[in-house]
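# Summary of the model geometry
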Amino acid sequence: MRAALVHAADAPPRYDVFPDPIAGADEFIVHVSAAALHPVVKALASGSHYGGVDNLPFIPGIDGVGRFQDGTRVYFGKIRSPFGSFAERALTAPWMCVPLPDELDDATAAAIVNPGMSSWAALSLRAQLAPGENVLILGATGTAGKLAVQVANRLGAHRVVAAGRNQFALGKLAALGADRTISLEQERATIVAAFRQEFVEPGIDIVLDYLWGQPAEYLLEAISQKGMKLGTARTRFIQVGESAGGTISLPASTLRSSGLELLGSGLGSASLKRNMETVAEFLQDAAREPFQIDIQTVPLGDVESHWNKDAQGRRLVFVP
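Here goes a summary of the coordinates provided. (Residues numbered from 1 in each chain as written. Predicted model: local features only at pLDDT ≥ 70, side-chain atom pairs only at ≥ 80, totals over all residues. Heavy atoms only, no water.)

Right, let's talk about the pairing of strand β5 (residues 73–77) for a bit. Successive residues of a regular strand alternate their side chains across the two faces of the sheet. Taken across its five residues, β5 has five buried, putting it largely inside the fold. Side chains R73, Y75 and G77 project from β5 onto one buried face, and the interleaved V74 and F76 project onto a second face that is buried too. Note: strand β4 (residues 63–67) against β5, five bridges, orientation antiparallel. Paired with G66 across the bridge in β5 is V74. The turn joining β4 and β5, which pair antiparallel and follow one another in sequence, is formed by five residues; a positive phi near 95° is taken by G71. (Buried < 20%, exposed > 50% of the residue type's maximum accessible area, 1.4 Å probe, protein only. Helix = DSSP H or I, 4+ residues; strand = E, 2+ residues; numbered from the N terminus. Pairing = 2+ DSSP bridges.)

Here we take up a nonpolar patch on the surface. Nonpolar side chains collect at one region of the surface, where L250, L255 and L262 lie side by side and expose about 220 Å² of accessible area between them. With respect to the helices and strands, the residue L250 is situated in the loop between β12 (234–239) and α7 (252–256). (Patch = residues over 30% accessible without salt bridge, like charges linked within 9 Å, V, L, I, M, F, W, Y side chains within 5 Å. Areas by Shrake-Rupley, 256 points an atom, 1.4 Å probe, with all protein chains shown as cover. Salt bridge = Lys/Arg side-chain N within 4 Å of Asp/Glu carboxyl O.)

Okay, the nonpolar core next. General note: in soluble globular proteins, nonpolar side chains tend to be found buried as a group. Membership of the largest hydrophobic core comes to 51 residues, with the highest contact counts inside it found for I137 and V149. Listed by contribution, the elements that provide at least two residues to this core are β3 (28–36), α2 (106–126), β8 (134–138), α3 (143–154), β9 (159–164), β11 (206–209) and α8 (272–288). For this core, the element with the most residues is α2, which contributes 12 residues. With near-sequence residues (within four places) excluded, V149 lies in contact with I137, A140, V160, A162, L173, L176, G177 and A178. (Core = buried A, V, L, I, M, F, W, Y, C linked by side-chain atoms within 4.5 Å. Contact = heavy atoms within 4.5 Å.)

Here the focus is unusual backbone geometry. In this structure, the amide linkage connecting L56 to the following residue, P57, adopts the cis form with an omega of -5°. Considering the arrangement of structural elements, one finds P57 in the loop between α1 (39–46) and β4. Cis geometry marks the peptide bond from S81 to P82; its omega dihedral reads 10°. Tracing the sequence through the fold places P82 in the loop between β5 and β6 (89–92). You will see that Q128, though not glycine, has its phi angle at about 50°, which is positive.

Owing to its 3.6 residues per turn, the α-helix aligns residues three or four sequence positions apart on the same side. Here α1 has its buried residues at V41, A43, L44 and A45. Buried residues along α1 sit in contact with β3. Following α1 by one or two positions, G47 adopts a phi angle in the positive range, close to 85°.

These results come straight from atomic positions and should not be treated as a statement about function.
As C-alpha cells, then:
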C-alpha cells in the first residue's frame, strides 16, 4: 500500500510503499478516507512527544475516518505501530472506533475530533463544567482554541474569556462566542493586570490552558496576587498543551494563597472506554449543530511538501 513514512525525526515523512497491515486478534483493517495533521502528530513524528516510538520507519497519524470492508463508516484511532492513519489502510480495534453520523463528512470528522475533544473532554470530564460558570482559554487563537470557545459556550459557560497572541484571530473570536479577548502580545504587567481583573470580577472558575510556559506563569501570578479578595474561590486549571514551553516556575505560595486546583487532560487522564464514549458524545453534538472549523484537504501524496507548511489557521486533512 501507499503511505507517508517517517524515516528520520528531523525530516518530513515521505510518500512511499509500505507493507499492508495484517490484523491480529481483536483488530480490524480500516480503509482510510481522511486523516488530519494535528500538532501531536508532528510531535510524535519528531520524537518530542512522550508517546513517541524509536523504531523507524513508521507511519504517522493517530486517528482518522475510514470504512470497514462491509462499508461501515467510522472515526477510528490507531492501535499499534508502525501503522498510523496516514496510509491507504490502517489498523484499529472495536474499542477505538465510533460510528459516524451521516451529517458529518469525512474531512470534517477527521479534522474536528482531536482539537475539539481537547476542550470537550477537559471541560466535561476533568473540570466538570457546570452551566453558568466562567471559563478562560489560554491559547484561544489556534484551531483547538477556537473550537474551545465554541465548546465552552455549547456546554453552558456563562462567560468565556479568550487569550492569545494572534491579533487577527483574536478579532474573530467574539463571533465564536468570546465575551472578552486578552492579547498576549503586551507587556507582562499589562497581561497580569488583565488576568487579575477577570479573577477579581466577575471571577474565573475554569482555566483551559493550551500554552503552559510563560503565559501560564503570568496567569498564575494574577491568581496569587497579594491583596486579592478571592477567599477560597475554586479555580480549576486544566493543562492541555504546551506550545509556549514544557516547564514553568510555580511558587509554593500560589497554591497556598488561592483556591487553585491543577489538573491535566490527555490520554492518561481518563480510561480509554470513557474517552471513546466522550468522542461519541462530541460527534453527535457536532452533527446536530456544526462547529466552525477551517479545513484544507490535501492528497496524501503531497505530505512531504505540506508537512511544515504554514496552514494559516486551517487544519490540514490528508486524503489517500
